[in-house]
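# Descriptive structure summary
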Amino acid sequence: MKLTKARDWQESMHPFLIEGFLSGSRTLLSGEPKIGKSMLAGHLVSSLIHLTPFLGIAPQMGFHKVAWMGFDASWQAEYKAKFPFEVDHVYFAESIEFNQENEWNDLGNLLIEGGFTLFVVDHLYGMAGSLELDKSYEMSRAISPILKLQNKTQIPLLLITHAPKTGTGRAAHSTYLEAQFRHL
């Protein structure tokens, strides 16, 4: 534990990767199933990689390298088919469930060593395994490893999650999640 005098405290800056869309720390992308969340995330990633505007907004300049962890069947083939020009800058991470602490630590080290500028988790419910995410303590357990990973690496995180079919687009269990992330 460290205490810092207020006068000496320095704010750590997390500039947006894409202003208003992709935070420099944690972004939550939610919507109903099969509405195009992964496609939108793919276009955000494409904008970063090619330094082209996303909906008229220029991304943060620099060399961008993205790690993407998916949980749906055949997601890798689908990504490569839809985004063939990004495959040299996007790396597929093996799927890790929330309770595999050693694997999360290893992944964090790989992200740091590899110079990654964004980590995408597509989607929360795959990562959560058999947890009952309608209970806040279970939700806390589910997202704990990615919050720890993001804190350790300081690499921006885009978490994709499903919303209930209410038409609002808000993430299921949104109060807890939105407290931890900027909501797209």
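Above this note sits the structure.
Keep in mind that what you see is a predicted model, and the values were worked out from it rather than measured.

The next point concerns the sheet that holds strand β5 (residues 157-162). Here six strands make up an open sheet; going across it, the order is β3-β2-β4-β5-β1-β6 and the pairing parallel. Strand pairing shows two members of the sheet lacking a second neighbour, β3 (90-93) and β6 (182-183), which therefore form its edges. Looking at chain direction, strand β1 (residues 26-31) and β6 are connected through two bridges and run parallel. Across the sheet, the residue bridging to Leu28 is His183, located in β6. Relative to the sheet, helix α1 (residues 37-50) contacts β1, β2 (66-70), β3, β4 (118-122) and β5, its axis offset from that of β5 by approximately 165 degrees.

Another aspect to go through is the layout of surface pockets. There is about 410 Å³ of room inside the largest pocket. If you list the elements that add at least two residues to the lining of the largest pocket, you get α1, α2 (75-82) and β5. Across the lining of the largest pocket, the residue classes tally to nine nonpolar, four polar and six charged. Approximately 250 Å³ is the volume attributed to the second largest pocket. The element best represented in the lining of the second largest pocket is helix α3 (residues 101-114), accounting for five residues.

Residues Trp104, Leu107, Phe119, Leu124, Ile146 and Phe181 are the most contacted members of the largest nonpolar core, which totals 28 residues. Contributions of two or more residues to this core are made by β2, α3, β4, α4 (124-127), α5 (136-153) and β5. Considering each element in turn, this core owes the most residues, six residues, to α5. With near-sequence residues (within four places) excluded, Phe119 lies in contact with Ala67, Met69, Trp104, Leu107, Leu111, Leu149, Ile155, Pro156, Leu157 and Leu158. Counting residues in each nonpolar core, the second largest holds 20 residues, with Ile18, Leu22, Leu29 and Tyr79 among its members.

Most of β4 is tucked away, with five of its five residues classed as buried. Of the two faces of β4, both are covered, the one formed by Leu118, Val120 and Asp122 as well as the one formed by Phe119 and Val121. Examined bridge by bridge, β4 and β5 share four bridges and lie parallel to one another. Among the inter-strand pairings, Val120 is bridged to a residue of β5, identified as Leu158.

Parameters at a glance
Residues numbered from 1 in each chain as written. Predicted model: local features only at pLDDT ≥ 70, side-chain atom pairs only at ≥ 80, totals over all residues. Heavy atoms only, no water. Pairing = 2+ DSSP bridges. Helix = DSSP H or I, 4+ residues; strand = E, 2+ residues; numbered from the N terminus. Contact = heavy atoms within 4.5 Å. Axes fitted to C-alpha atoms, helices over the stretch in contact; angles between N-to-C directions. 1 Å grid on protein atoms, 1.4 Å probe; cavity = no way out; pocket = protein on both sides within 12 Å on 5 of 7 lines; lining within 4 Å. Points joined across faces, edges and corners; volume = space filled by probe spheres on them. Nonpolar A, V, L, I, M, F, W, Y, C, P; charged D, E, K, R; others polar. Core = buried A, V, L, I, M, F, W, Y, C linked by side-chain atoms within 4.5 Å. Buried < 20%, exposed > 50% of the residue type's maximum accessible area, 1.4 Å probe, protein only.

In short, geometric facts, not functional conclusions.
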